[in-house]
Amino acid sequence: MRIGLYPGTFDPITLGHVDIIQRAMALVDRLVIGVAINRDKGPLFNLEERVGMVQDECAAIVAKTGGEIVVHPFENLLIDCARDVGATIIIRGLRAVADFEYEFQMVGMNRALDASIETVFLMADARRQAIASKLVKEIARLGGDVSKFVTPPVKVALERKYR
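Residues numbered from 1 in each chain as written. Predicted model: local features only at pLDDT ≥ 70, side-chain atom pairs only at ≥ 80, totals over all residues. Heavy atoms only, no water.

A look at the nonpolar core
Moving on, step 1. Residues I21, L31, I33 and I91 are the most contacted members of the largest nonpolar core, which totals 32 residues.
Moving on, step 2. Contributing elements (two or more residues each) for this core: α1 (15-24), β2 (30-36), α2 (47-65), β3 (68-74), β4 (89-94), α5 (133-141) and α6 (152-161).
Moving on, step 3. Excluding residues that lie within four positions of it along the chain, I33 makes contacts with Y6, F10, I21, V54, C58, I69, V70, V71 and H72.
Moving on, step 4. Grouped together as the second largest cluster of nonpolar side chains are 13 residues, F74, I79, C81 and A87 included. (Core = buried A, V, L, I, M, F, W, Y, C linked by side-chain atoms within 4.5 Å. Buried < 20%, exposed > 50% of the residue type's maximum accessible area, 1.4 Å probe, protein only. Helix = DSSP H or I, 4+ residues; strand = E, 2+ residues; numbered from the N terminus. Contact = heavy atoms within 4.5 Å.)

Considerations on α5
Moving on, step 1. For α5, every residue scored as buried is listed here: S133, V136, K137 and A140. Each buried residue of α5 lies within a common arc of 100 degrees when the element is viewed along its axis, so the set occupies one face.
Moving on, step 2. Packed against the buried residues of α5 are α1 and α6.
Moving on, step 3. Note on α5: the residue one or two positions beyond its end, G143, has a positive phi of about 85 degrees. (Arc of directions from axis to C-beta.)

Some details on unusual backbone geometry
Moving on, step 1. Along the chain, D11 connects to P12 via a cis peptide bond; the corresponding omega equals 0 degrees.
Moving on, step 2. Note on placement: P12 falls in the loop between β1 (3-8) and α1.
Moving on, step 3. If you check the backbone angles, F10 has positive phi at about 55 degrees while not being a glycine.
Moving on, step 4. Relative to the helices and strands, F10 is located in the loop between β1 and α1.

Here's what the structure looks like:
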């Protein structure tokens, strides 16, 4: 069984994330969505909220594809999380050249820690390349319409946070 790990903070999950998840499902038998507990980032949504949003979005994907998705919170090294869930592939989404520079360094470090775990990059769909959770939160905070960037349930969750 080919197991892939798609890690992120998902604060909140965006249509860009959903696009990568859908496309990653074609590469693996089981996709583990690693929801990072990153205290340094100071997330808007707590861990339970982020996990719940990811689970809700993934339920719709599983209903369409019939694949298997598991949502797994983690706070350890990414490579250790991959080992913990049995992943042999780490899936990363790229939006721009700046993403690649950072991810290139991460791949080198991860390969030094465990060369048996491969990293696969998926380019964001052209319509989704500008979407970043940080920008989505800023738009929502300032009362803008985020419906082009997130699903309706996530939009409602953002509106609740900024009321």
